[in-house]
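Each chain, letter by letter, is given below.
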Protein chains: 4
Amino acid sequence: MLRFDSDYMEGAHPSILQRLTEINFNQNPGYGTDAYCDSAKAKIKAACAAPNAEVHFLVGGTQTNATVIGACLRSYEGVLCAETGHIACHEAGAVEVTGRKALTLPHHLGKVAAEDVKQYMETFYGDANHDHMVFPGMLYISHPTEFGTLYTKAELESLHELCAAYHIPLYLDGARMGYGLAAKGTDVTLPVIAQNCDLFYIGGTKVGALFGEALVVTNPALLPHFFTVIKQRGALMAKGWLLGLQFDTLFTDGLYEKIAAHAIELAEKLRNGFAAKGCNFYIDSPTNQQFLIVEDTKLETLRQAGISFSFWEKYDAAHTVVRFCTSWATEEASIDTLLALL
Amino acid sequence: MLRFDSDYMEGAHPSILQRLTEINFNQNPGYGTDAYCDSAKAKIKAACAAPNAEVHFLVGGTQTNATVIGACLRSYEGVLCAETGHIACHEAGAVEVTGRKALTLPHHLGKVAAEDVKQYMETFYGDANHDHMVFPGMLYISHPTEFGTLYTKAELESLHELCAAYHIPLYLDGARMGYGLAAKGTDVTLPVIAQNCDLFYIGGTKVGALFGEALVVTNPALLPHFFTVIKQRGALMAKGWLLGLQFDTLFTDGLYEKIAAHAIELAEKLRNGFAAKGCNFYIDSPTNQQFLIVEDTKLETLRQAGISFSFWEKYDAAHTVVRFCTSWATEEASIDTLLALL
Amino acid sequence: MLRFDSDYMEGAHPSILQRLTEINFNQNPGYGTDAYCDSAKAKIKAACAAPNAEVHFLVGGTQTNATVIGACLRSYEGVLCAETGHIACHEAGAVEVTGRKALTLPHHLGKVAAEDVKQYMETFYGDANHDHMVFPGMLYISHPTEFGTLYTKAELESLHELCAAYHIPLYLDGARMGYGLAAKGTDVTLPVIAQNCDLFYIGGTKVGALFGEALVVTNPALLPHFFTVIKQRGALMAKGWLLGLQFDTLFTDGLYEKIAAHAIELAEKLRNGFAAKGCNFYIDSPTNQQFLIVEDTKLETLRQAGISFSFWEKYDAAHTVVRFCTSWATEEASIDTLLALL
Amino acid sequence: MLRFDSDYMEGAHPSILQRLTEINFNQNPGYGTDAYCDSAKAKIKAACAAPNAEVHFLVGGTQTNATVIGACLRSYEGVLCAETGHIACHEAGAVEVTGRKALTLPHHLGKVAAEDVKQYMETFYGDANHDHMVFPGMLYISHPTEFGTLYTKAELESLHELCAAYHIPLYLDGARMGYGLAAKGTDVTLPVIAQNCDLFYIGGTKVGALFGEALVVTNPALLPHFFTVIKQRGALMAKGWLLGLQFDTLFTDGLYEKIAAHAIELAEKLRNGFAAKGCNFYIDSPTNQQFLIVEDTKLETLRQAGISFSFWEKYDAAHTVVRFCTSWATEEASIDTLLALL
């Protein structure tokens, strides 16, 4: 079976497993107070050109989102996000469980438009009764988005300016960050993100790690006593060095971007292959998630050949929108096998 | 440096790392829907002689406690526990963050006495105003306790009967379960625990796994839609098979109890060695945590030789209570080194 | 100044104040355990033809909604409601503060359509990933709605059937219930509501009381230990007899419907008056809230004459939608004054 | 029947009911934005000699405590209080429902000792693992306490200094404030309280009002957007002017202290009467709650004569500790009747 369902189906980059095996019997202090975490944090801050940032390691994306949003906002504040934002749809209400409300905006292929934020703000503060409503207290965006799309540097800057003007933090969910950084034509780098976001996380789970997300807080005043908050949300690993070691490895010699670039190359090959077979694209995605409009008969052929992928939605009577993902672990031969079946 | 501070300082049993490396590029479905999880669950249910139980894998102990207690109780219910219980002291209020209150009982070397529970219940229901108070809705115990002590089978049965009589579930925190099962002279086995507890978890983090706790629910009606609850508490791993693989390994050929027995043997050696040097014991612990009353001068010698351990409390002007832990990973040579320094 | 902004601008029906004054120095037991509460509950159950229902008295609408929804739902469940539902917009996220999520449906002049609920349910349960999402666990409707509109008996029955089929309770917010019951042409009575809703409240604050809402629970199993929940949400009055006395008065000799009918008559007079002056209606409301499209120049005249009303939204360059409310306390002379000014 | 159970058994001071009746048909804007609230706030600030304070009106005591504590603390902070503090025992876990933990201290006849607070703080910050524990983030005291006792000015000042040194607010629950201010020999006045507390509330429910508590915040930065928080906790009254009117009346011409002084005089009469009959006192209380050790046979006589009081605890085989309360509404003749029965 060949799985293109998602980008978290394999384990970790072999160099992570190798180091893990090497140091397995070394003794490390607990809860992220070890040398690997220190080293990884230093490397991440350097990669972000953000020497004054704080870095925290958490285990997963939903956990990171809920912990950050719950801790950063007060009870009278909610988090603005695209109606398609992961926190609004597919995280089982984890934000609401912390007592905070997701305030949804229209999406543009998964992206939030600065004009929509501006209008929301003006309408909210223009309403004489806004004290009876949840205050917009943060803007959440994902990059890449749930549709594989990317913000431009200019778009991030606009959102950042707007957030600054309204004194709310900008938080970027980078579960698939590596694939965004490695995309062709993007002008968004880690330093650009660090300059424009108050908080963001660099996804490990989907980009080479067994698990783990690195939260970067460029405005540490937003998260006082965050260690304790991480603990009380059940997000603190006893063996925190497992996270440090993984991110230290990923941020040594540019491994993180290197393995993401591999996924992008194979996504492009997959894309061109489908295009050559006459498939249309539902979304023009420059990242590792490809949304295709495929004839149902072809999909059936693929299924029978043991290919798996994600159902997105029905397109018309004879076609379906499906998602194929590549990842740091995808082999070129797998793409060849797939394309040969079309 | 030789660390006896705790039992989560090393990585995982080598057979776990080996399997992890072997299957690293296999593709697995996400969120614990994989074959490793299925296999591990079956083995755990067999080891517990509890064919109708449900098993869930979570990442850490605080996370498991807060997720279970938050999900199992209604807002008007709190959780009874020893005043020394981990949830009452050292989990940063994670239970309260879920909106539930820890209701403390006196402790007896970390254990809860059935008479104390009974008296709490009688006082509570005897109070005409108890509707203005938090209902005792669950009993939480740890086995081994935070003091390394163990319940007997008869004690577990008494607590179980009492809980059943008051219609509240009995929940057992088994973060160090393996070391309890392997202790000399105990009559508490996994089936005994399964027969007497409505919910309990088998600790992996401290007993051979990189991380992970296996929650066993013998009364599954207590946790409806628990998958979604796990998700919304940020406790669901994308690569859930990492947990399945680890527990599948630990529950194959009795590995879990075997490696725990090793820790117990070394704890005994450590214990006898200290006793031979004239040290007294603060608590008579049959498990891997040893609480010693040591002369301060001796402790200073140890520290200077690079030995680390946990401070517990001052005993008198010249002595201190300290905790030494062994684990599945402790080498006999380390104990020899330690004892030679005394 | 003459205020038509809302229906909670005056105190209470004089017979309430009179009884309050009469019994002021009588001593009553606390927390709603008094004879007035008992009597009021019996009268409300009789009026609802629901002898097996439970009745609880709370202080205000937002409080009642959040307390009921928080208590009735488990953490994995959210509450379906119209996007214009009061809980979704104007209660400052009180539902989310309890950890529950409002799941919004399109609205039809404030009403929820059974087809929309059905489609939501089918889409939700048809989604293979629905365990990663918040379960629809309750349907919230308001009657009259925030737009002054009313459900028909047939519509309530459809919603009820649908909810029963999906095993979720139907909860009706009756903050303005009296004005709905007294509307011309409605076939919805209190017994009809009690037959079709699992929980609903009869609003006192806006219909003759100083404050207070009577929650009727036709399915009491939904709210175990609700007294304690009311207490812990800060919704329990020490002098609970204040609530009992008010509702006992309102439900004696049909006072509640009588004073609501007065408001409806004056709403009709207001409506006809505006129509006679050539005003159009934004919504065809049979209840005490009237939504008018009025020339801005006319509104300015009214304002200068000391008339207040609610701004709703701009209609076009020269017109605005405004809301005028009548209430149990409105005097006919006030309507005359208003109409004379047009 | 004559009730001495508690101090919330009657309605309101007649001058409140009279004004309520007078203005019943006046129209007021909602949610506390009316002239009565403004006037009451000004009078309260003047009585407290705290011109820069903010005043908010809430409905009840548990509600006020949970709303203030939940809003003021962050999730990693708990509230220190006596183990006998109302929030720790008799408010059904309302503090925990907001996600905050009550951290208990020993009590001294209901009072918190500065030394105990100091020791708690030193132990907490001296513990190397305190980041794994709930931070003490506020000190809660009640005045009068649940035992009718009072702090001295010097004691309040010590607690205030200590709180200031540790940068945590001091919050005083004044549910029975009036009876404390009117006690003989106290040197604690409203200005003294305002100088030493960051937040406190002046109880209305038990001292002359139908309901209502006036929260005074001398450090308003502690409660940003508190209007919205009040709303989302269900504590905002639509007819907020009901609260303003009551407190405006109570703080006109010293009515509040005058009616409290009446209760104190009758408490003294009751006290002397019991003493004359040979009864001992369980606690030496200078306020309206009197704790007596009474022979069981005498209690039975009282009960049969229709006198009610609160059971506190059994004292010995033949005696019981009981509580008798006077209030602003108690008549001297009732005390005479009571004493005659002894």
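Residues numbered from 1 in each chain as written. Chains lettered and ligands numbered in written order. Predicted model: local features only at pLDDT ≥ 70, side-chain atom pairs only at ≥ 80, totals over all residues. Heavy atoms only, no water.

### Quick look at the overall build of chain A
No. 1: Helices and strands together make up the secondary structure of chain A, namely 14 helices and 13 strands.
No. 2: Taken over C-alpha atoms, the radius of gyration comes to 20 Å for chain A, in line with the 20 Å a tight globule of 342 residues would show.
No. 3: The buried share among the 342 residues of chain A stands at 65%.
No. 4: Counting contacts in chain A only where the partners sit at least 6 residues apart, residues at least 24 apart contribute 72% of the total.
No. 5: In the structure as shown, chain A presents an accessible area of about 11500 Å², 51% of it carried by carbon and sulfur atoms. (Helix = DSSP H or I, 4+ residues; strand = E, 2+ residues; numbered from the N terminus. Rg over C-alpha atoms; globule rule 2.2 N^0.38 Å. Buried < 20%, exposed > 50% of the residue type's maximum accessible area, 1.4 Å probe, protein only. Contact = heavy atoms within 4.5 Å. Areas by Shrake-Rupley, 256 points an atom, 1.4 Å probe, with all protein chains shown as cover.)

### So, the relation of the copies chain B and chain A
No. 1: Mapping chain B onto chain A calls for a rotation angle of 180° and an axial translation of 0.0 Å; the resulting RMSD is 0.0 Å. In the structure described here, the two chain copies are related by an operation that fits a two-fold rotation axis. (Least-squares fit on C-alpha atoms with pLDDT ≥ 70 in both.)

### Observations regarding the sheet that holds strand S6 (residues 170–174) of chain A
Residue and element names in this part refer to chain A.
No. 1: Overall, mixed pairing links the 7 strands, which are arranged S2-S8-S7-S6-S5-S3-S4 in an open sheet. Single-partner strands in this sheet number two, and they are strand S2 (54–58) and strand S4 (102–105). Averaged over neighbouring strand pairs, the angle between their axes works out to 25° when direction is ignored.
No. 2: Here strand S3 (residues 77–82) pairs with strand S5 (residues 135–142) via 4 bridges, running parallel. Within S5, the position partnered with Glu77 by the bridge is Phe135.
No. 3: Contacting S3, S4 and S5, helix H6 (residues 114–126) crosses the sheet at an angle of about 170° to S5.
No. 4: The strands touched by helix H7 (residues 153–165) are S5 and S6; relative to S6, the strand with the most contacts, the crossing angle is about 140°. (Pairing = 2+ DSSP bridges. Axes fitted to C-alpha atoms, helices over the stretch in contact; angles between N-to-C directions.)

### Considerations on the packing of helix H6 (residues 114–126) of chain C against helix H7 (residues 153–165) of chain C
All names here are of chain C.
No. 1: Where H6 contacts H7, the two axes come as close as 9 Å, and the packing angle between them is 15°. The angle between the axes of H6 and H7 places the two elements in the roughly parallel class. Considering the relative orientation of H6 and H7, their crossing is left-handed. For the pair H6 and H7, the contacting residues are Ala114, Val117 and Lys118 in the first and Ser158, Leu159 and Leu162 in the second.
No. 2: Of the residues that constitute the contact of H6 with H7, the class distribution is 4 nonpolar, 1 polar and 1 charged. (Parallel < 35°, antiparallel > 145°, perpendicular 65-115°, else oblique. Left-handed = near helix turned anticlockwise from the far one by under 90°. Nonpolar A, V, L, I, M, F, W, Y, C, P; charged D, E, K, R; others polar.)

### Some points on the sheet that holds strand S10 (residues 289–295) of chain C
Residues and elements named next belong to chain C.
No. 1: Read from one edge of the open sheet, 4 strands run S9-S10-S13-S12, paired in antiparallel fashion. A single partner strand is all that each edge strand has here, and the edge strands are strand S9 (280–281) and strand S12 (310–316).
No. 2: Each of S10, S12 and strand S13 (319–325) touches helix H13 (residues 296–304); the most contacted strand, S10, lies at about 115° to it.

### Regarding the relation of the copies chain A and chain D
No. 1: Of the transformation superimposing chain A on chain D, the axial component is 0.0 Å and the angular component is 180°, with the fit at an RMSD of 0.0 Å.
No. 2: Here 100% of the contact residues of chain A are again contact residues in chain D; the copies associate through an equivalent surface.

### Remarks on the interface of chain B and chain A
No. 1: Each side of the interface is counted separately: chain B has 44 residues, and chain A has 44 residues.
No. 2: The contact between chain B and chain A buries some 3900 Å² in all, and 58% of this surface belongs to carbon and sulfur atoms.
No. 3: Our count for the chain B to chain A interface comes out at 0 salt bridges.
No. 4: When contributions to the side of chain B that touches chain A are tallied by element, the ones reaching two or more residues are strand S1 (2–3), helix H1 (14–22), helix H3 (61–72), helix H5 (94–97), helix H10 (226–232) and helix H11 (241–250) of chain B.
No. 5: Per element, the largest residue contribution to the side of chain B that touches chain A is 4 residues, and it comes from H1 of chain B.
No. 6: In the side of chain B that touches chain A, the residues fall into 24 nonpolar, 14 polar and 6 charged. (Buried area = accessible area lost by both parts, 1.4 Å probe. Salt bridge = Lys/Arg side-chain N within 4 Å of Asp/Glu carboxyl O.)

### Comments concerning unusual backbone geometry
No. 1: Cis geometry marks the peptide bond from His143 of chain B to Pro144 of chain B; its omega dihedral reads -10°.
No. 2: Relative to the assigned elements, Pro144 of chain B resides in the loop between strand S5 (135–142) and helix H7 (153–165).
No. 3: Despite not being glycine, Ala49 of chain A shows a phi value in the positive range, around 50°.
No. 4: As for its placement among the helices and strands, Ala49 of chain A is situated in the loop between helix H2 (35–47) and S2.
No. 5: Using a relative accessible area of 53% as the deciding quantity, one classes Ala49 of chain A as exposed.

### Points about the interface of chain A and chain D
No. 1: The partner chain D presents 18 residues to the 18 residues of chain A that form the contact.
No. 2: Between chain A and chain D, a total of about 1800 Å² is buried, with carbon and sulfur atoms accounting for 55% of that surface.
No. 3: Looking at the side of chain A facing chain D, the largest losses of area belong to Arg74, Tyr76 and His132 of chain A, adding up to 35% of the total buried there.
No. 4: Taken together, the links from chain A to chain D amount to 0 salt bridges.

### Describing the pairing of S3 of chain A
All names here are of chain A.
No. 1: Here S3 lies mainly inside the structure; 6 of its 6 residues are buried.
No. 2: Across 4 bridges, the pairing between S3 and S4 is parallel. Directly across from Ala82, in S4, lies its bridge partner Leu105.

### A short note on the side chain of Ser310 of chain C
No. 1: Tracing the backbone through its elements, the reader meets Ser310 of chain C in strand S12.
No. 2: For Ser310 of chain C, the contacting residues outside a window of four places in its chain are Asp5, Val321, Val322 and Arg323 of chain C.

### Comments concerning the packing of aromatic side chains
No. 1: Counted under the stated rule, the structure contains 66 aromatic pairs over all chains.
No. 2: Here the basic side chain of Arg271 of chain D rests over the ring of Phe281 of chain D, its NZ or CZ set 5.3 Å away from the ring centre. (Phe/Tyr/Trp six-rings, centres within 6.5 Å; stacked < 30°, edge-to-face > 60°. Lys NZ or Arg CZ within 6 Å of the ring centre and 35° of its normal.)

### Focus on the confidence of the model for chain A
No. 1: Chain-level pLDDT for chain A is 97 on average; 100% of the residues reach the 70-or-more range.
No. 2: Prediction confidence for the complex, expressed as pTM and ipTM, is 0.97 and 0.97 respectively. (pLDDT = per-residue confidence, 0-100.)

### Notes on the side chain of Asp173 of chain C
Residues and elements named next belong to chain C.
No. 1: One can find Asp173 in strand S6 (residues 170–174).
No. 2: Despite its burial, Asp173 pairs with no opposite charge; the closest candidate is Lys206, at 7.1 Å N-O.
No. 3: Looking at Asp173, its side chain comes within polar contact range of the side chain of Tyr140, at 2.6 Å. (Lys, Arg positive; Asp, Glu negative; His and termini not counted. Polar contact = N/O pair within 3.5 Å; in protein donor to acceptor, adjacent residues only side chain to side chain.)

### Re the pattern of salt bridges
No. 1: Enumeration over the complete set of coordinates arrives at 60 salt bridges over all chains.
No. 2: In this structure, the salt-bridge partner of Lys298 of chain D is Glu295 of chain D, at a minimum N-O distance of 4.0 Å.
No. 3: The network of salt bridges with common partners includes Arg19, Lys43 and Asp248 of chain A.

### So, the environment of Asp296 of chain C
Residue and element names in this part refer to chain C.
No. 1: Position of Asp296 relative to the elements: it lies in helix H13.
No. 2: A sequence separation of 19 residues divides Asp296 from Tyr315, and the C-alpha atoms of the two residues are 9.9 Å apart.
No. 3: Not counting residues within four places of it along the chain, the set of residues in contact with Asp296 comprises Lys314, Ala317, Ala318, His319 and Thr320.
No. 4: Side chain to side chain, Asp296 and Lys314 meet in a polar contact 2.6 Å long.

### Focus: the environment of Cys81 of chain D
All names here are of chain D.
No. 1: Tracing the backbone shows Cys81 in strand S3 (residues 77–82).
No. 2: Judged by its relative accessible area of 0%, Cys81 is buried.
No. 3: Residues within four places of Cys81 in sequence aside, it is in contact with Ile87, Ala88, Ala102, Leu103, Thr104, Leu105, Val112 and Tyr140.

### A few points about the state of the cysteines
Residues and elements named next belong to chain D.
No. 1: Under the criterion given, the structure shown has 0 disulfides over all chains.
No. 2: You can see Cys197 has no disulfide; the closest cysteine sulfur is in Cys163, sitting 8.7 Å from it.
No. 3: Cys197 gets classed as buried once you look at its relative accessible area, which sits at 2%.
No. 4: Free of any disulfide, Cys325 has its nearest neighbouring cysteine sulfur in Cys279, separated by 16 Å. (Disulfide = S-S within 2.5 Å.)

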